[in-house]
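# Descriptive structure summary
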Amino acid sequence: MTEMATKAIEELQERVKELGMDSIGLSVFGNNKNAQRLYEKMGYTSSSITMYKLL
């Protein structure tokens, strides 16, 4: 799965560049550690964190 996800993100990044854009923003659920690791490995950084508490 990781190889397919990596390839898909690489293709997305190339398409975004072709369209003249210079960044991509992603939303990732906090409990999705596999996705977070993959995106970090590919050079993505966190820019915000949303926290909540069930009452």
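As the structure is a prediction and not an experimental result, all values here were calculated from the model. (Residues numbered from 1 in each chain as written. Predicted model: local features only at pLDDT ≥ 70, side-chain atom pairs only at ≥ 80, totals over all residues. Heavy atoms only, no water.)

### Here's the deal with the layout of surface pockets
In this approach the atoms are scanned with a rolling probe the size of a water molecule, which exposes any empty space left behind. In this structure, the largest pocket encloses a volume near 710 Å³. Considering the residues around the largest pocket, the lining is formed by 19 residues, among which Leu26, Ser27, Val28, Ser46 and Ser48 are closest to the centre. A breakdown of the residues in the lining of the largest pocket according to their chemical character gives eight nonpolar, ten polar and one charged. (1 Å grid on protein atoms, 1.4 Å probe; cavity = no way out; pocket = protein on both sides within 12 Å on 5 of 7 lines; lining within 4 Å. Points joined across faces, edges and corners; volume = space filled by probe spheres on them. Nonpolar A, V, L, I, M, F, W, Y, C, P; charged D, E, K, R; others polar.)

### With respect to the environment of Thr6
Here Thr6 shows up in helix α1 (residues 2–18). Classification of Thr6 as buried rests on a relative accessible area of 17%. Between the C-alpha atom of Thr6 and that of Lys41, which follows or precedes it by 35 residues, the distance is 9.7 Å. Each residue touching Thr6, except ones within four places of it in the same chain, is listed here: Leu38 and Met42. (Helix = DSSP H or I, 4+ residues; strand = E, 2+ residues; numbered from the N terminus. Buried < 20%, exposed > 50% of the residue type's maximum accessible area, 1.4 Å probe, protein only. Contact = heavy atoms within 4.5 Å.)

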